[in-house]
Amino acid sequence: MAAWLGTSSPASPQELFIVEGGASPGGKWAVAVVPQKAGERVDDADGTVYLVSLPGKTVLQELREADSTGGTWGKTTENIRCKWSPDGRFVAVNMRIGRMTNRYLLYQVTDTGAKPVDLPARQTHPKSRIYEALEYTANPGETVTAWTGPASFTTEEYGLRPRRGDVDFSRYGMPEFDGVLEKRYRLENGKWILDDVRIPKPR
């Protein structure tokens, strides 16, 4: 991997904080952020998210699509949480972007760097018809909840509600819908597919 793939001077290892779930299996790489200075507001903080090598936290690349300032909420060290695939090839970056709003980014990590992964649109699965009956609340979001294998993971999307009060969700095969949907993605023959849309199982 290149020593530095960013556009500005990287933070020093001493400045960086490895986020929750940020270290890859096997301890080769990690996702790290810059902690806020004492008294610094989060919206004034350095929101850069980095891919670093371990154990020395040498900066390898900015994850330019990510930001740790949380839409002016929270702390830079808490606004990013990661989930790596079991084999360390992929990392899901769950990112706070508002008071109660989150989104995620998926990266493929190799010795040449971290590359954002494009996932298929929800319309590619027939069970996504349920969205015809839904609208978003003021605080929607979606995060990766778990890897179910080296190349499959699930997300939960929340902040969904019926467009009308009389929607019969049994029409969509989800009679117990209650504002949250789970999606399952799977890598097949080098291509990500949306494998299922369903109600999350009780925990």
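Residues numbered from 1 in each chain as written. Predicted model: local features only at pLDDT ≥ 70, side-chain atom pairs only at ≥ 80, totals over all residues. Heavy atoms only, no water.

### Describing the sheet that holds strand E11 (residues 181-188)
Sheets are built from strands paired through backbone hydrogen bonds, the pairs being either parallel or antiparallel. Spatial strand order, E9-E10-E11-E12: four strands in an open sheet with antiparallel pairing. In this open sheet, the two strands that pair with only one neighbour each are strand E9 (134-149) and strand E12 (191-198). Across the sheet, the mean angle separating the axes of adjacent strands is 25° when strand polarity is ignored. Where E9 meets strand E10 (residues 152-162), ten bridges bridge the pair, whose relative direction is antiparallel. Along E10, the bridge assignment pairs Ala-146 with Thr-154. (Pairing = 2+ DSSP bridges. Helix = DSSP H or I, 4+ residues; strand = E, 2+ residues; numbered from the N terminus. Axes fitted to C-alpha atoms, helices over the stretch in contact; angles between N-to-C directions.)

### As for the confidence of the model for the protein
In this model, the protein carries a mean pLDDT of 92, and residues with pLDDT of at least 70 account for 93%. Contacts of residues 1-8 to residues separated by more than four positions or lying in other chains number 27 contacts, the stretch itself having pLDDT below 50. (pLDDT = per-residue confidence, 0-100. Contact = heavy atoms within 4.5 Å.)

### Observations concerning the nonpolar core
Within the largest apolar cluster, 23 residues are counted, with the highest numbers of intra-cluster contacts made by Leu-106, Ile-130, Leu-134, Phe-153, Phe-169, Leu-181 and Trp-192. If you list the elements that add at least two residues to this core, you get strand E6 (90-96), strand E7 (102-110), E9, E10, E11 and E12. With sequence-adjacent residues up to four places away left out, Leu-134 is seen in contact with Leu-160, Arg-161, Pro-162, Arg-163, Phe-169, Phe-177 and Leu-181. Ranked by size, the runner-up nonpolar core spans 19 residues in total, among them Leu-51, Leu-60, Trp-84 and Val-91. (Core = buried A, V, L, I, M, F, W, Y, C linked by side-chain atoms within 4.5 Å. Buried < 20%, exposed > 50% of the residue type's maximum accessible area, 1.4 Å probe, protein only.)

### Regarding the pattern of salt bridges
All chains considered together, the criterion is met by 15 salt bridges. The partner of Arg-41 in a salt bridge is Asp-43, and the shortest N-O contact between them spans 2.5 Å. Between Asp-195 and Arg-186 there is a salt bridge; the shortest N-O distance is 2.8 Å. One connected set of salt bridges, linked through shared partners, spans Lys-127, Glu-182, Asp-196 and Arg-198. (Salt bridge = Lys/Arg side-chain N within 4 Å of Asp/Glu carboxyl O.)

### Some thoughts on the environment of Tyr-104
Along the polypeptide, Tyr-104 turns up in strand E7. Take Tyr-104: its relative accessible area is 14%, and that puts it in the buried class. Sequence separation of Tyr-104 and Ile-80 is 24 residues, and the distance between their C-alpha atoms is 9.4 Å. Apart from the residues within four sequence positions on either side, Tyr-104 is in contact with Val-93, Asn-94, Leu-119, Glu-142, Thr-143, Val-144, Phe-153, Thr-155 and Tyr-185.

### Side note on the environment of Glu-176
Locating Glu-176 in the fold gives a position in the loop between E10 and E11. Note: C-alpha distance between Glu-176 and Ile-199 (23 residues apart in sequence) is 7.6 Å.

### With respect to unusual backbone geometry
Residue Pro-55 is reached from Leu-54 by a cis peptide bond, and omega for that bond is 10°. Relative to the helices and strands, Pro-55 resides in the loop between strand E3 (49-53) and strand E4 (58-62). Of note in the backbone geometry, Thr-72 takes a positive phi value of approximately 75° without being a glycine. Locating Thr-72 in the fold gives a position in the loop between E4 and strand E5 (80-84). Given the relative accessible area of 48%, Thr-72 is considered partly exposed. In the Ramachandran plot, Asn-189 falls in the positive-phi region, its phi being about 55° despite a non-glycine side chain. Secondary-structure assignment places Asn-189 in the loop between E11 and E12.

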